[in-house]
Structure formats: structure tokens, C-alpha cells
Amino acid sequence: MQAGEGIFLPLFGESEQGWPRGLRIALYFMGLIWCFMGVALISDVFMSAIETITSQEKTVTLQVAGTNEKRRFRVGVWNDTVANLTLMALGSSAPEILLSCIELVSNEFYSGTLGPATIVGSASFNLLGISAVCVMAIPNGDTRIIEGTSVYFITASCSLFAYAWLLVILEMSSPDVVDIWEGLLTFLFFPMLVSFAFVADRGWLKSQRSALTKLLYADNEDGVSADMLTAEKLNKLIKEFNAKGEPVPKDLILGLESKTRSAKPGTKSKALRRIEATRQALKKGLVPSPAKHQLQQVETEDENAFLEDTLVFSFDESVYEVMENAGKVVLTVKRTHLEQQATIDYRTEDGIGADAAKVSSQDYDATAGTLVFEPGVESLSIVVPIIDDDQQSDDKNFFVKLHNPRTLPEMKSRVASTGTATVLILNDDFAGRLQWSADEYDARSVDGQIVLKVNRRSGCSGVCGCRIVLRDGASTRAAIRDRDFYALDGDKVEFEHNETSKEVVVRLNSERDATSLGRAVFHAELVDPYGGATFMSHDEHADKLTCDVIIDRMARTQSESKLQLLTQVLAAPVELHRLAAGSVLEQMMEALYCNGSAEAQKDASVADWALHVVNVPWKLVFAFVPPTKYCGGWLTFFFSLLMTGGVTAIVGDMASMLGCVLDLPDEITAITLVALGTSLPDTLASRTAAMQDPNADASIGNVTGSNSVNVFLGLGLPWFIGAIYWRSNAEAEFENWKSHPVGKSTYQERYGDDVKFMVPAGSLAYSVSVFSICGVMCLGLLLLRRKTLGGELGGPSPQKELSAAFLIMLWCIYIGMSSWHTLSTQE
């Protein structure tokens, strides 16, 4: 069997046919392995772009009804399920999908065998091989269970349906022919899958909710349901209330705050898992409300400023916090013009919203009275009794209002805007919910530090806490660790029993040189809560809370001040130039250094150096892909997708040539070597996720979604294009079409004169049938393990080893039967 010509290979043309067969086998095999390394490296870049795109957040600001307060909260631009089934799946399946598309074009729009066989072979290894690896990765006795069962049911069902649909097309609907409607419908199954999975993720498929869910997600009186409030609906809602000149109802905001679940410690995205696995293998290197949080003042004029002819009354603070078991709360009232006698009345009022404190509910005692300020007295106190109970409830709020100010006739008197104080009764029967006291902190580098505050709300029982992570800013004016700020002395904040706030001190670099003055931003994140604590968040799926710290790197001398002004004038072009040169240069240097940097290179082993030398050409080429800082990662996405297509084309050429020299059909090469090579990064990433994540969602749940996407995109798109091409060019291409070989005959001899896009079922249909049977048995085993062992992954010995062996046996059966059928039906 002689190798034909591909897109790029053979490099030496016809002369390679005369080389010794053993030499060609060795060269082509090593070349294929080298190409797989290139696929893994460019997929690393591709996944970095996807991680940047899908991790983007936007900030929404809401005004709380009944106050002048505005607070911000972050919402993810991408839904996690949609991201996993679109960009993430495309990133992990791009080689297989592109191989199928490139093969179609390179074959002059005749259907090929390498692309479709690779997709089925890759799906087989993903489901059977990766599942076996993940089952064995869990320590003996430990288990991992799929928690997102609704989405998993959708993707698992679709993965089986996808391959059953291929049999319908190839064997039943129109044997050996793919019509336009079949290709289009196959492609449209992809957005249908994403839509169904999104609906399942949102919980809309459930016919009823538990009493607790109904309580937390109750509809408010305006008909807006907090649990249905996505980022898009929230933005629309804000515009509607702004158009009416009204703030967002407080009940809705309180409902948003209740949408909280325990965060999953240490959970990482699929993209990050694959990036880490690739680099390790290849050595490459909520809406806060007054009842929940401390108020953040809106920038207004100071109404308490000293007025010459007006005596002003106000509370010392706008919000008072008191433990439920404290027995009372003391509020301080102050006034101006101390030389005058003055009088002010006060009264308590029940709170508003779902968490209102009420006299009728025995939350506090109604209090009213009059304060008389004698000359020289600046402040007096109001005492309101608080009633303790043993009921578990959220924090509650009520108000104390000042009214009817009086003083001498010749002087005016009034109540300031802070003449109404909010009292928060902090529940002491829960562990509590944690949140930053503000969404944004302003710091000055010359102070040498910034103090951040973490509040504990909705309970203060027992010891709880969370970890704190300081993250570099993502903008061009980002604050960088060890350059602008320093790591914390400890990585967690812990609350003792009845403790409701903690301060976190972040040290800042006050010795920056004058050329880097100005404002810079870094982020502080609360993650991994423990001790029963949860986060106060707008999103029930949130696993972190973030605040921004803005450092003002102030000038300390007149010369620095002038230089700072000049830097601000030239900031945009200078920063753009620095990024365009520096970031690409950093990528080039990372490509040249073993393990990615000069420091890491010092500890490189012989194996590290060997892999580095082999992969340097790939690294240098991929270093020209624009960094993810540009265009939110989209520029990197498209450039890396283009390069992935190029490398995939080389893989296709190399695999075909190796198969020819080994006298193996493309179908066997595809389901073995090519499928294994393109699936290796996903295998390593899934194994890492299985060991580190608390559930099996990322390791097993994503496999079924990826398999579905392989068919709907990897076959639906090229088949749709091919069907359109042959429908449009039937007459012009008839002579070429009728003489196109299929086995030892031609299209005309086998199919007649009706020009269509032909996809001979043959080995492909048989391979799909065998995989479908093995897939059903695999999913059945995982379900049985869930029922008997408590999880799809892990378990005690020997059940764990037997499960993994059974899955590997299924994969071997698929390879063996598919290969036997291909060889036995060769003409």
C-alpha cells in the first residue's frame, strides 16, 4: 500500500516511497507523537483564551429601597453549563472537529474516513477509558458522586442519542447518503443540547420545589422571582425601575441575598484543569441590603456640616448592629450648636421586607420618647430593648427615627439625612454568612497597608471562617503581587463564637519608583468557607466573593508629582506599547527557557530538557499567538483556533501515511492512535479533577457533553457543508463524482447517476453500533455504582478495580470488533 499526498506531507514528495519501510514507520510514528505534543501545546493556549473569556464578570449597581445606599455585586457573563458545552467543549474537541472539517475540504468535498472514525474512537476512549482512569484515581474507600444530575442526565442521554442518530442517517433514513436536512438537523442538535442543559441547570425542569426552596426563592409582590433572576433579566429589571424613577424593591434584593449554597472548595474550571495537566505533562512551565451588610455611603454633600443659623440633629451612625442575645441596643444622637438648649423626639418603626423585625413578632420593644439637650451637651443615648429567642432566622432590621426638632425661636432646627438609623438584629443561631464590608476599598501606597473588613451575618454560632486569596488585577493598570502589594501572613480569616467582624491587613509597597505612579487595582477573594458558614451572594452557584482594592500610588515629592502628571498624559499609548512588546517577549522567553523561566530551568531534569528540546519548535511558533490580555481573550481564541487547524491537518497527513506504511486502513488508525493522542490532555485533566474535586461533575459529567458536541459539530457541520456543495454542483461535478472510487468500484457503479453527498456506512455504522452498546453498559455500570457504592468514582477494593477493568474490557472489545470488521470487509 502506498501513501498518497496530504495537505502538507510528505515533505520529500514521491522520493519518500523509496525509503526503507522500517525507517518510514519509525519516522511517521515519531512524527505523529510529536504532532500530538503540538496539539496539546496549542490546546493549552486555546484553553487559556477560553478560561479568560468564560471567567469574565460584570458589575451591577442597585439602589436599596428605603435608603440612599448603592451597592455593587459581580455576575458572571457566562453561565457555567453553557460555557462547558460551547467554548469548553470546542476547546477540548477542537482537534477532532477540525480534522473532520479539514478532511472534507482536502478531499474535494468527498466524505473521508479518518475524521468520522476519529470522532467515534475518541468518544469511545473518553467514555470508557477516561471513566476507568477516574474510577481508579480515587483513594480506596473514598467516592465521588455526580451532583449536577439534571445536566448530566441531559448530556448522557444526548450522547447516546447522537450516535443512535448517526445510525438512523447512515442505515435507515437515506443509506450511504447525507441530505441537506440531515446535516442541518444534526448541527442544530447542538444548540438544542445547550438550551436543554441550560434549562436543567436553572432548575426549570423540576415540577415542584421543596418548602425551603419555596421560602428562599419566594416571588415578591411585584411578580419578580428572585430564583429566575439571571444577569440579563436583572439588567432589564434595573432599567425598568430606573425609567420609573424607583429603586429596586427591597424584598427582591433580600430574596437575591438568600440564594446561597455551600461553596465547593478547590473547584476549578475544565479549562484550568486541562491547562494544568498539559503543562505538567509537557513541562511547560449580592446585593447587600441594610438588613444584611454595612451600608456604603453614596457620595453626597455632608448635610451635617455646621450651619450658622441651623441646629442639626443626627445619629452618630447610620447602621447599628446588635446581637440577638445582647438584650438592648444603644444609639447615640448628636447635635450642633452646643450653646443652645434643644429637644428632639424619637420613635421606633418596624422594618421592611422579608427580614423585618416587628414588635408584634416580639423581636424588640416599641420605644418612643424625647431627648432634651442642655447647653453644652453634644450627644445623648437612646436605649431600645431587644428580645432574644431560640428560633433560627435571618438577621432582622427595624428603624429608629428622629422627628419634631425644637430649639430657641431665633434659631432654625432640622433633622439630617442620617436622622433615621437602621438597627440590625444579628441572629446568633446559625454559623453565619460571610461577606466583605464593601465592594471597593481605596488605599494609598504611602500608608503601607490597607485594612479590609469581613462581616459575618445571619448567625454567629460556633467557629467558622474561610480562605482569603489576593489576586493580581486583570486590567492594563493592574496591581501585581510583590510589586504593589504583598501576600497575607495567613491565608484564612476565622471567627470565634459570637464574633461578627474581622479585619484583614494587606501590606502595600510604599517604595515604588516614580515612573509607576498612578492608580492600580488588585482583587481580594473569599473562598472555601468552613464551619457551616456560607457566602452572601446574588448567585446560588457562587463559590467566591470578590472585592476590588484600588491603590493610589501617590507622589511624595514635587518632581514625582510632575512625572506622575506626564505619565497620566501618555498612559494609554505607553501602556499599549509595553504590552505589545513585553507580553509577546515574555511568551518568547517562556518558550526558550526549559520549564518556562530561568529560575525553573535551574531545577530541570534530563527528562525536562529532553521534552523541551523536542517541543521548542512548537513553543516558538505558538508564542506568536496574541496574549489573552487583548480583546478579552477573543484574539487569542481565533488565532489559536487557526493554529489548531494547521496542526490538525499535519496530524491527518501523518496518520494517513503511517497507516499506509503499516497496511492499516484509516479507520483503524483513527480509532486507535489518533483518538488516543487527541484525548490524552483530557485524560490527565479528568484524572486531576477526580482526585481534587469533591464531586465527579468535572471529571465524568463533562465527558458526555463533549461526546455529544463531537457528533453535532464534528460531523453535523462538515456533512451539512458537503451536502450543500454537492446539491449546488451536481451538474458541474458529475463526471468527477461518478468516477470517484469507493472500494474497488466507483460511485456511479454503486449508487447510480443521482449526485449526492455520499457517506458510505460500512465500518463507520458498525463502529457506532458497537460503541453505542458499550456506552449503554458503561452508563449502566456508573448508575449501579451510584446506587450501591454511593458514587460513580472510587469505592472500596476490589469493587473499584473490577469496575475499571470492566470499562477497559469494553474499550478493548470496541477496538477489537471495529478493527475486525474493517479488515474483514476490505475489498
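Cut-offs used in this document
- Residues numbered from 1 in each chain as written.
- Predicted model: local features only at pLDDT ≥ 70, side-chain atom pairs only at ≥ 80, totals over all residues.
- Heavy atoms only, no water.
- Core = buried A, V, L, I, M, F, W, Y, C linked by side-chain atoms within 4.5 Å.
- Buried < 20%, exposed > 50% of the residue type's maximum accessible area, 1.4 Å probe, protein only.
- Contact = heavy atoms within 4.5 Å.
- Pairing = 2+ DSSP bridges.
- Helix = DSSP H or I, 4+ residues; strand = E, 2+ residues; numbered from the N terminus.
- Axes fitted to C-alpha atoms, helices over the stretch in contact; angles between N-to-C directions.
- Phe/Tyr/Trp six-rings, centres within 6.5 Å; stacked < 30°, edge-to-face > 60°.
- pLDDT = per-residue confidence, 0-100.
- Patch = residues over 30% accessible without salt bridge, like charges linked within 9 Å, V, L, I, M, F, W, Y side chains within 5 Å.
- Areas by Shrake-Rupley, 256 points an atom, 1.4 Å probe, with all protein chains shown as cover.
- Salt bridge = Lys/Arg side-chain N within 4 Å of Asp/Glu carboxyl O.

In terms of nonpolar packing, the biggest core is built from 113 residues, with Tyr 163, Phe 637, Trp 719, Phe 757, Leu 793 and Tyr 814 touching the most fellow members. Look past the residues within four positions of Tyr 814 in its chain and what remains in contact with it is Val 120, Gly 121, Ser 124, Ile 671, Ser 767, Val 770, Phe 771 and Cys 774. Leu 470, Leu 508, Ala 524 and Val 549 belong to the second-largest nonpolar core, a separate cluster that totals 30 residues.

It is worth spelling out the sheet that holds strand 5 (residues 319–323) at this point. Two strands in a sheet stick together by hydrogen bonds in their backbones, pointing the same way (parallel) or opposite ways (antiparallel). Across the sheet, five strands lie side by side as 5-12-10-7-8; this open sheet has mixed pairing. Of all the strands in the sheet, just strand 5 and strand 8 (368–373) have a single pairing partner and so form its edges. Averaged over all adjacent pairs, the angle separating strand axes in this sheet is 25°, with direction ignored. Strand direction decides the pairing type here: strand 7 (residues 342–350) and strand 8, joined by six bridges, are antiparallel.

Evaluated as defined, the whole model comprises 25 aromatic pairs. Ring centres of Trp 618 and Phe 622 lie 5.7 Å apart, and the angle between their planes is 15°; this geometry places the pair in the stacked category. Linking Trp 618 with Phe 622, this pair stays in helix 13 (residues 606–622), spanning four residues, or about one helical turn. With 5.2 Å between their ring centres and 90° between their planes, Phe 637 and Phe 638 make a pair best called edge-to-face. These aromatic residues form a ring-pair network of at least three members: Phe 109, Tyr 110, Tyr 725, Trp 726, Trp 737, Tyr 747 and Tyr 751.

Mean pLDDT over the protein chain works out to 78, with 77% of the residues at or above the 70 mark. Low pLDDT, under 50, characterises residues 63–68; the stretch is placed with 19 contacts to residues that sit more than four places away or in other chains. Confidence drops under pLDDT 50 across residues 207–235; counting only partners more than four residues distant or on other chains, this segment forms 39 contacts.

The next thing to look at is the sheet that holds strand 18 (residues 501–507). Overall, mixed pairing links the four strands, which are arranged 18-15-13-20 in an open sheet. Each edge of the sheet is formed by a strand with only one pairing partner; in this case those strands are strand 18 and strand 20 (534–535).

A few words now on the pairing of strand 10 (residues 396–406). Judged from the seven bridges that link them, strand 7 and strand 10 form a sheet pairing that is antiparallel. Considered in strand 10, the bridge of Asp 350 is made with Phe 398. Relative to strand 12 (residues 420–426), strand 10 runs antiparallel, the two being bridged by six bridges. Residue pairing for strand 12: Val 400 is matched across the bridge by Ala 421.

Mapped onto the fold, Ser 818 is located in helix 21 (residues 799–824). Filtering out sequence-adjacent residues up to four positions away, Ser 818 remains in contact with Ile 671, Tyr 766 and Ser 767.

Taken together, the side chains of Leu 23, Leu 27, Phe 29, Met 30 and Ile 33 define a hydrophobic patch exposed on the protein surface, amounting to about 430 Å² of accessible area. Mapped onto the elements, Leu 23 comes out in helix 1 (residues 21–54). By relative accessible area, Leu 23 is classed as partly exposed at 42%.

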